[in-house]
Amino acid sequence: MLPNFDYVRPKSLRAAITHLSDGGAVVHAGGTDLLGCLREHVFAVKKVVSISAIREMQGISEGTDGTLRIGALTTIRTVAEHPVIRSRFSGLAQAAAEVASPQLRNQGTLGGNLCQKPRCWYYRGDFNCLRKGGGICFAVDGENQFHAIFGGGGTCFMVHPSDTAPVLMALKATARVAGPDGIRDVPLETFYVLPEVDVRRETVLEPHEVVTEIRIPPPAAGTRSSYRKVRARRSWDFALAGLALVLSFDGRRVVDGRVVLSGAAPVPWRSSEVEQAIRGKELNAEIIAAAARAAVAGAEPLEKNGYKIPLFQGVIEEELTRMSVSA
Ligand SMILES: Cc1cc2nc3c(=O)[nH]c(=O)nc-3n(C[C@H](O)[C@H](O)[C@H](O)COP(=O)(O)OP(=O)(O)OC[C@H]3O[C@@H](n4cnc5c(N)ncnc54)[C@H](O)[C@@H]3O)c2cc1C
């Protein structure tokens, strides 16, 4: 059952930030993640601030310099189906189409997708884990088959749940963040917080801050992007292993590339190892196999998630091969 809380639906961003500055208040966008957290008593709130009536946070537009601006309230379905995103940033459209179910994509927003809370069953369940202020990560000696193989740092081993964040990070996107002191632009690269830095927070957002839009810079000539998600079943499910690729080619040679893994770590996990292994090279079978090996060389699986190592290797090999064929 949902607990009691105050509910407000301001029409302006300024009013929303004022409400959020009261303390104990939380942003509500589409509510597909938040209401589950409140129903399951994952955390308590005094006030829910719906941002759904703030018009300036909706819509998609292209700047004259080619920068794409996506309002944080844009639904996941709109992101998946938008013609400009499908043609210029196809990896983002693929990732959005992989989120949850049609109903959730209709209701869920891009801002909510980036800011959603961890899906770890100990965090969501009745366990006072580290992330909720307790003393241990129950996954370490528990049911850890869906947990992190990178970046746990001996603290929290949840995996970051968003499908769109890895592609946006690979596309060098920034989040525009509004708060009582004004606006700041945060690269997605530095938006997420590793548990070893602060186990109580997932992002750099302060409680009174709102993501208003996502900006994606124009890609270099010859750039292609993709997102591949492997899940345990074909209906809605979070990534067991995922791969965001943004590669720019000169002919068949990779000029530059950004590679981000999902389902791997508590944050979208940039694989500089793969990037180094393919930069300046033509993607033949030998280079691709070496890149896949490099990706998992530093992995630290827990007792029940060692299967993720060959899974990531396979996904990386398949997707790099696919990109090389279409280059
Ligand atoms: C059954 C189920 C399956 C799912 N499967 C997937 C999946 O496969 N892949 C995936 O990526 N996600 C999945 N999700 C997660 C999520 O519901 C969606 O990703 C959705 O996009 C969240 O958006 P929302 O607008 O509903 O967020 P909300 O529920 O409104 O908010 C989520 C969180 O983000 C915060 N927030 C929302 N908007 C902002 C903002 N603009 N600024 C600051 N903070 C904000 C809220 O305070 C809250 O903590 C799933 C959810 C469910 C219930």
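As a reminder, the structure under discussion sits directly above these lines.
Residues numbered from 1 in each chain as written. Predicted model: local features only at pLDDT ≥ 70, side-chain atom pairs only at ≥ 80, totals over all residues. Heavy atoms only, no water.

(A) Broad picture of the pairing of strand β11 (residues 253-262). Within β11, 7 of the 10 residues are buried, which leaves the element mostly enclosed by the surrounding structure. A loop of 2 residues connects strand β10 (residues 241-250) with β11, the two strands running antiparallel in sequence, and Gly-251 in this loop sits at a positive phi of about 65°. As defined by bridge partners, β11 adjoins strand β12 (residues 269-270) across 2 bridges and the pair is classed as antiparallel. Along β12, the bridge assignment pairs Leu-261 with Trp-269. (Buried < 20%, exposed > 50% of the residue type's maximum accessible area, 1.4 Å probe, protein only. Helix = DSSP H or I, 4+ residues; strand = E, 2+ residues; numbered from the N terminus. Pairing = 2+ DSSP bridges.)

(B) Fine view of helix α12 (residues 308-326). The end-to-end C-alpha distance of α12 is 27 Å, a good match for the 27 Å that 19 residues give at a rise of 1.5 Å each. Where the residues of α12 are buried, they touch β9 (223-230), β10, β11, α10 (272-278) and α11 (285-296). (Expected span 1.5 Å × (residues − 1). Contact = heavy atoms within 4.5 Å.)

(C) Looking closely at the side chain of Lys-47. Mapped onto the elements, Lys-47 comes out in strand β3 (residues 47-50). Look at Lys-47 and you get buried, because its relative accessible area is 11%. One polar contact links Lys-47 to Asp-22, side chain to side chain, over a distance of 2.5 Å. For Lys-47, the contacting residues outside a window of four places in its chain are Phe-5, Asp-6, Val-8, His-19, Asp-22, Gly-24, Ala-25 and Val-26. (Polar contact = N/O pair within 3.5 Å; in protein donor to acceptor, adjacent residues only side chain to side chain.)

(D) Seen up close, the site of the ligand. Near the ligand you find 34 residues, and of these Val-27, Thr-32, Leu-34, Thr-109 and Asn-113 are the closest. The separation between an oxygen atom of the ligand and a polar main-chain atom of Val-27 is 2.6 Å. Interatomic distance of 2.8 Å between a side-chain N/O atom of Asp-163 and a nitrogen atom of the ligand. Starting from 970 Å² of accessible surface for the ligand in isolation, the protein chains cover 94%. Within the residue set of the shell around the ligand, elements represented by two or more residues are β2 (25-28), α7 (110-115) and β8 (210-216). (Near = heavy atom within 4 Å. Areas by Shrake-Rupley, 256 points an atom, 1.4 Å probe, with all protein chains shown as cover.)

(E) Region of interest: the environment of Met-1. Turning to its location among the elements, Met-1 is positioned in the segment before β1 (6-8). Each C-alpha atom of the pair Met-1 and Glu-40 lies 7.6 Å from the other, and the pair is 39 residues apart in sequence. For Met-1, the residues in contact, after removing those within four places along its chain, are Arg-39 and His-41.

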